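# Structure assessment
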Amino acid sequence: MSSSVLEFYVNGKRVVEENVNPEWTLLYYLRNKLRLCGTKLGCGEGGCGACTVMVSRYDRLQDKIIHLAVNSCLAPVCSVHGLAVTTIEGIGSTKTKLHPVQERIAKAHGSQCGFCTPGIVMSMYALLRNMKRPSMHDIEGAFQGNLCRCTGYRPILEGYRSFAEDWEILRNGSLTNGTMSNGTNGIEVNGNGCALGKDCCKFQKKDEEEVLFKKSEFTPYDPSQEPIFPPALKLNSKLDDQFLHFKGTEVEWYRPNDLATLLALKEKHPDAKIIVGNTEVGVEVKFKHFQYPVLIQPSRIKEMNEIVYLDDGIRFGAAVTLQEIESVLKKQIETADEFKTRIFKAIVEMLNWFAGKQIRNVAAVGGNIMTGSPISDLNPILMAANVALDVVSLSGGHRKIKLDETFFTGYRRNVIKSNEILQAIHIPYSNENQYFYAYKQARRREDDIAIVNAAFNVVLSPNTNKVASFRCAFGGMAPTTVMALKTCKELVGMKWNSELLEKGYEYLIEDLPLAASAPGGMIQYRRSLTLSFFLRVFLQISQDLKIEVPARDLSAISGFKPRELKSSQYFQVKGVDQRLDDPVGRPVVHASAFKQASGEAIYCDDIPHFENELYLSFVVSTKAHATILSIDASDALSMEGVRGFFSAKEHEFFRNEIGPTIHDEEVFVTKTVTAQGQIIGAIVADDQLIAQKAARTVKVTYKELTPIIVTIEDAIKYKSFHLNGEPKVLESGDVDGVFRTAPHTIEEECRIGGQEHFYFETQAVIVVPKKEDDEIDIYCSTQHPTEISTLVSRVLGIPQNRIITKVKRMGGGFGGKESKAALVAVPVAVVAYKTGRPVRVMLDRDEDMAMTGGRHPFYARYKAAFDDDGKILACDVELYNNAGYSLDLSSAVMDRAMFHFSNAYFVPNFRVKGYLCKTNIHSHTAFRGFGGPQGMFAGENMIRNIAEYLNKEVAEISYLNLFKEGEATYYSKVVENCTLQKCWKECIRSSNYEERKIKVEKFNTENRYKKRGISVIPTMFGISFSISFLNQAGALVNVYTDGSVLLTHAGTEMGQGLHTKMLQVASRVLEIDISKIHISETATDKVPNTSPTAASTGSDLNGMAVLRACETIKKRLQPIAEKNPKGTWEEWIKAAYLERISLSATGYYATPNINYNPETNTGNAFDYFTFGVAVTEVEIDCLTGDHQVIRTDIVMDLGESLNPAIDIGQIEGAFMQGYGLFMLEEMVYSPKGDVFTKGPGAYKIPGFGDIPAEFNVSLLKGASNPRAVYSSKAVGEPPLFLSSSAFFAAREAIKAARKDAGLSSVPFKLNAPCTAAKIRMACQDEITKKFKDPEPGSFVPWNVIA
């Protein structure tokens, strides 16, 4: 029986699609065909988890329903035929009832921008459907494929920990007499079950008010109430048994139901791709634009899906998923003799680090082999194990081959013929004398591809330590997985001793050469890793053989394992004197949290399509510096569904220059491109797939120009700077005079790389031209709606009062949507205006990362003068930022970096020059901290240079130089209400810093290959826009006759909780319940001339504006209330309306005394400072460069917090984002300006597994701030720099490693980010010494760091 009709279920409803396009993904179908927009597109490559849904199938052999979390952005919609799909909309709703999974993430404050929330909810939901009582280990594993850029992860895990805790069982009344313990989270309940149930004292906090959320308020989880699996799918196998054939215009999809049919198809279509999870092909099609006309799904082929237990091992069908393999091997490890399962154990351990849960659920072992990635996690293991493969074809029949050194014939090529299929893999048992270990090093431990991986298979002769067989395979060292053949040969017959180790080094160096220009870069590091892994396996097997290993060397044997998570949050509890219905200062849940958790929150691309709408796709430059010779869009325009092409030529009657400060950018490039990713033109078509496909056919010819300037060093060499080459200069005191007489001086330099915003919702805009008066509505994901309207007005020549920009919410911003949103919105507006039709675009992740730029890379040179105690006397600094091709906001970013160089330290004499490097890469822009972290990073390096010069403790030098009350900065701002010392002392005390420092030193003495470091870092961040006129905001309050209040203000909501805080402020002023107040959106027709929501000023500016507007309303109501003092709010409002009292009011606020004059270095650059201190302890692996954050303690002075839950969430989120900046995230470019890091596959933001194992955050008690609304303080940016404490802790650990290796612990250079490669190569030892750096100029590097 065959079918060409797709049939499946979504949220219990039958879906029948007669005209399916095999190119559609499940995500595309859900969002565009079914309009289920709760499931989000975050990356399109299965790397972020925003698109997670649950796919369920009935396994007839096991009589069991299997639920899988799946990346819908990769899953072809054709692959779900006969299956049941559950989306976020299908499990609960705010209109009916939320599922406990949705409720708990919201109430635990685990949703900020909310764009990642549906995916996280669905990962947790799928886990619960499979496992009613998961452990914390299970929960953490379920999130390996999910990322979040806002929260810092802690509140998500805290909320979901409740599903693993015993109180859940108590609340359901199912705890019986006896003893129950949970080894995962350490909770133990003994004796006879307590009659009080949920009120048992063991489940109560001493003071319930001291928690951010109350678990006692969670709805109990009852698995019996889950939606049932569609009975039709369970009762009838018709859909399972069908032969499927779906034919699109360019792609055909087959699902044969027996091996013979599959082989016939492969014979007919030898180039057909076999698709199981589509985890590789999907990425190739989406981002590399490969064309595969025929796709074959083998899910119904018995021989490819069966698992057969044999005497010598297990045979897995090639279509068996990695998750199934893991489950089978785990059971074998538990039940079989230990020596038989050593290969199995290596595979299981590796699978824990293999991609995310969603990928492992669907990806097949056969696909991993056939893909042939040179950095495959499994192929080195399979090659070292010498596994046998069963291949078969219709014409050639069956044959067995070995996955050995002859299997791969080139990059992603192997010996299997094009008409053959891989049917099965035979993984053998190990024997008593066999030792098998595998290792991997990646940029991030969880869900990351390897930099280098290795597997070692050693067989020793019985009762001897002599090598009988040695096999080792490596990934990441060649275009294919490779065997180290000479090593394997020469070590046979040798005894397992130090001579073998040295010989092994020698042979591996010969076996695994790597050219200086090899793809992937990090040449010396990768070569060092091969020897580090060999040392690791040598020591491991030595221990297995009971050969004595020095106790200090045992730390080399294993990598890092997950630690039990601990956390605490401390804040000022509101007293009994505050009204119970006054929400200010209380941990109110984010106003949109429940909608975000249920998928009901609307983001830009979720807005329903408008009539006659077009989709736009950009044609961007592929050269970094070139003249455009011609543009040919004829092929695109001939495609069905394409409605037009627009470029500078079609735009000639309009203004073409745009930019946030000066107009040095073009809407469409006219003649010369100065970076890759610049907009040359735009295709509009009936839908996204057509538009994107057509845009790729537009031919642009170039004449390349020189030089191509990518790095700061390039810019210095070619004297390529913005602002006519002139530096910005700030000077105070007698710098030169002090340097002439100072007791001590140092001169150093440092560097910090850029950072991608990685907001989960990429740049998105919909422009809707109206039918009259040139009116235009713009729906945009932007932090600066006024700028969108202003620039569109300028370009189109239409008055600004006709152009309304609206923002409901953003899926993250972090500064990246302050000026860069206009880069996308303006050309879309031009096209919409010219066509007279609504036009929509949402950038793909790779487009966004290539086009928009991020945080500025900085290079600093500095000199410092200081006395014998380490007191700083003077600084002379040069700062360089990589601005990119246009100025954007780089000048203001440099201003803040110059202001913040000294961080929290008093410097009486100071000079700084700032150079804005003009380069041929995307233009960098605002990013949380806005230059402050880069400047402070240089200043903190200087503090350490001074301490090391004087041989003193870093903390001693830091504390000595901290600002004190009344001291003035070198830019003339007097520091008032200074709590630096208080924060410092409190953090030192609460973190047990002194005691732990001693323990760190002891640990380092006892361990050679693992080292720890501990660091304390202060921060002092200036609050306000340094440009005076931006420090203003407005608000509009409308009260309706039923008493409901509609509030609008100048700020935008991007997850930071601004709307929630404004509701709290309005509730307090009006003295009404917060539920009576609503914020709909930010719109330029409600509050005009808004400043960007940036510089951490959102609550300060808008809070005061809202307060004043509400006070106006309240003042008008005063006579009414006095007449009827016992009346209700609703009665007062009705009375006011009848008495013709206006119930609409505006509020306006301008921050006073922001008047800095750079010419005279006088006046106030900032309104006040936010202070904080962090202590972080880090452990590093000296052999691999891996690291683990053991503990972080933060104390922040946020005055009287408006909302401690939101503020602590901001602290944790900023810390983790900063942790990425300083430790993980690295933007990589080619020497010709290509961006190599264009998605989560190559660019690694922190994941769930990266949070500090112990994470404690305290809000300083007894602090206030007279300069902001209700004595609160700004929080968005100030905490970010505290994450540099991880960097400087790692630096201390490296110093200990260098000292151990007999090297000088100082000076050595360590630039940020402190990646695994940098840590390893800074821990110089006998391994790294074997690899010399090539001479500069003797090769062209594969990559450069801008």
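It should be noted that the structure appears before, not after, this text.
Residues numbered from 1 in each chain as written. Predicted model: local features only at pLDDT ≥ 70, side-chain atom pairs only at ≥ 80, totals over all residues. Heavy atoms only, no water.

## Some details on the overall build of the protein chain
A tally of helices and strands in the protein chain yields 38 helices and 50 strands. For a compact globule of 1346 residues, the expected C-alpha radius of gyration is about 34 Å, and the protein chain comes in at 31 Å, within 12% of that figure. Over its C-alpha atoms, taken along the principal directions, the protein chain stretches across nearly 90 × 85 × 80 Å. Sorting the 1346 residues of the protein chain into buried and exposed places 64% on the buried side. Of the contacts made within the protein chain by residues no fewer than 6 positions apart, 77% connect residues no fewer than 24 positions apart. (Helix = DSSP H or I, 4+ residues; strand = E, 2+ residues; numbered from the N terminus. Rg over C-alpha atoms; globule rule 2.2 N^0.38 Å. Buried < 20%, exposed > 50% of the residue type's maximum accessible area, 1.4 Å probe, protein only. Contact = heavy atoms within 4.5 Å.)

## So, the pattern of salt bridges
Applying the stated criterion across every chain, the model contains 75 salt bridges. E280 is paired through a salt bridge with R412; the nearest N and O atoms lie 3.3 Å apart. Of the two residues, E280 sits in the loop between β11 (273-274) and α10 (281-287) while R412 sits in the loop between β17 (408-410) and β18 (413-414), which places them 132 residues apart along the sequence. Judged by its relative accessible area of 25%, E280 falls in the partly exposed class. Three or more residues are tied together by salt bridges with common partners; here these are R563, R996, R1012, E1177, E1179, R1191, D1193 and E1254. (Salt bridge = Lys/Arg side-chain N within 4 Å of Asp/Glu carboxyl O.)

## Comments concerning the nonpolar core
In this structure, Y160 and F618 are the most contacted members of the largest nonpolar core, which totals 234 residues. Here this core gets 11 residues from one element, more than from any other, and that element is helix α36 (residues 1204-1224). Apart from the residues within four sequence positions on either side, Y160 is in contact with V101, R104, I105, I120, V121, M124, I139 and F143. In this structure, V348, F354, V387 and I427 belong to the second largest nonpolar core, which totals 111 residues. (Core = buried A, V, L, I, M, F, W, Y, C linked by side-chain atoms within 4.5 Å.)

## So, the state of the cysteines
A covalent bond between the sulfur atoms of two cysteines is referred to as a disulfide. The final tally for this structure, using the stated rule, is 0 disulfides. With no disulfide of its own, C43 lies closest to C48 among cysteine sulfurs, the gap being 3.8 Å. Residue class for C43 comes out buried when judged on its relative accessible area of 4%. (Disulfide = S-S within 2.5 Å.)

## Regarding helix α33 (residues 1058-1070)
Relative to the 18 Å expected for 13 residues at 1.5 Å per residue, α33 spans 18 Å between its end C-alpha atoms, a close match to the ideal helical length. Most of α33 is tucked away, with 12 of its 13 residues classed as buried. When α33 is considered as a whole, its buried residues turn out to be L1058, H1059, T1060, K1061, M1062, L1063, Q1064, V1065, A1066, S1067, V1069 and L1070. On its buried side, α33 packs onto β44 (1045-1049), β45 (1077-1078), β46 (1082-1083), α34 (1098-1123), α35 (1129-1138) and α36. (Expected span 1.5 Å × (residues − 1).)

## Some points on the packing of α34 against α35
Put simply, α34 and α35 touch, their axes get as near as 9 Å, and they point 110° apart. By the angle between their axes, α34 is roughly perpendicular relative to α35. Within the contact between the two elements, α34 uses L1117, I1120 and A1121 and α35 uses W1129, W1132, I1133, A1135 and A1136. Classifying every residue of the contact of α34 with α35 gives 8 nonpolar, no polar and no charged. (Axes fitted to C-alpha atoms, helices over the stretch in contact; angles between N-to-C directions. Parallel < 35°, antiparallel > 145°, perpendicular 65-115°, else oblique. Nonpolar A, V, L, I, M, F, W, Y, C, P; charged D, E, K, R; others polar.)

## Focus on the pairing of strand β9 (residues 243-247)
Along β9, the buried face is formed by L244 and F246; none of F243, H245 and K247, which line the opposite face, is buried. Bridge analysis of strand β1 (residues 2-3) against β9 gives 2 bridges, and the strand direction is parallel. Its bridge partner lying in β9, S2 is registered against F243. Taken together, the 4 bridges between β9 and strand β10 (residues 252-255) define a ladder with antiparallel strand orientation. Residue pairing in the sheet places F246 in a bridge with W253 of β10. Joining the antiparallel neighbours β9 and β10 is a turn of 4 residues. (Pairing = 2+ DSSP bridges.)

## Focus: the environment of V684
With respect to the helices, strands and loops of the structure, V684 is situated in strand β31 (residues 679-685). For V684, a relative accessible area of 0% corresponds to the buried category. Sequence separation between V684 and G1034 is 350 residues, and the spatial gap between their C-alpha atoms is 37 Å. When neighbours within four sequence positions are excluded, V684 is seen to be in contact with L614, Y615, L616, V642, R643, G644, F646, V831 and V839.

## A short note on the pairing of strand β13 (residues 307-310)
Where β13 meets strand β14 (residues 313-317), 4 bridges bridge the pair, whose relative direction is antiparallel. Bridge pairing links V308 to R315 in β14. With antiparallel pairing between neighbouring strands as the criterion, β13 and β14 make up a hairpin whose turn holds 2 residues.

## Topic: the sheet that holds strand β43 (residues 1032-1039)
Reading across from one edge, β45-β44-β43-β47 is the order of the 4 strands in this open sheet, with mixed pairing throughout. Of all strands in the sheet, those bounded by a partner on one side alone are β45 and β47 (1144-1150). Where β44 meets β45, 2 bridges bridge the pair, whose relative direction is parallel. Among the inter-strand pairings, V1045 is bridged to a residue of β45, identified as I1077. Sheet strands touched by α33: β44 and β45. Its angle to β44, the strand with the most contacts, is close to 125°. Across the sheet, α34 touches β43, β44 and β47, and the angle it forms with β47 is around 140°.

## Things to note about helix α18 (residues 498-511)
Along its 14 residues, α18 runs 20 Å from first to last C-alpha, staying within 8% of the 20 Å computed at 1.5 Å per residue. Here α18 has its buried residues at L500, L501, G504, Y505, Y507 and L508. In this fold, the buried residues of α18 make contact with β22 (467-475), α17 (485-490) and α19 (523-544). Where α18 begins, one side-chain oxygen reaches toward the backbone nitrogen of E499, 3.1 Å away; that side chain belongs to N497. (Polar contact = N/O pair within 3.5 Å; in protein donor to acceptor, adjacent residues only side chain to side chain.)

## Here we look at the sheet that holds strand β26 (residues 626-632)
The strand order β30-β26-β32 describes an open sheet built from 3 strands, whose pairing is antiparallel. Edge strands, defined here as strands with exactly one partner in the open sheet, are β30 (672-673) and β32 (699-704). Where β26 and β30 come together, 2 bridges link them in antiparallel fashion. Its bridge partner being in β30, T627 is matched across the sheet by T672.

## What about unusual backbone geometry?
In this structure, P707 follows T706 across a cis peptide bond, with omega equal to -5°. One can find P707 in the loop between β32 and α23 (712-718). For D447, which is not glycine, the phi dihedral falls at a positive 50°. With respect to the helices and strands, D447 occurs in the loop between β20 (434-442) and β21 (450-460).

Note that every value here comes from positions in space, so none of it alone points to a role or purpose.
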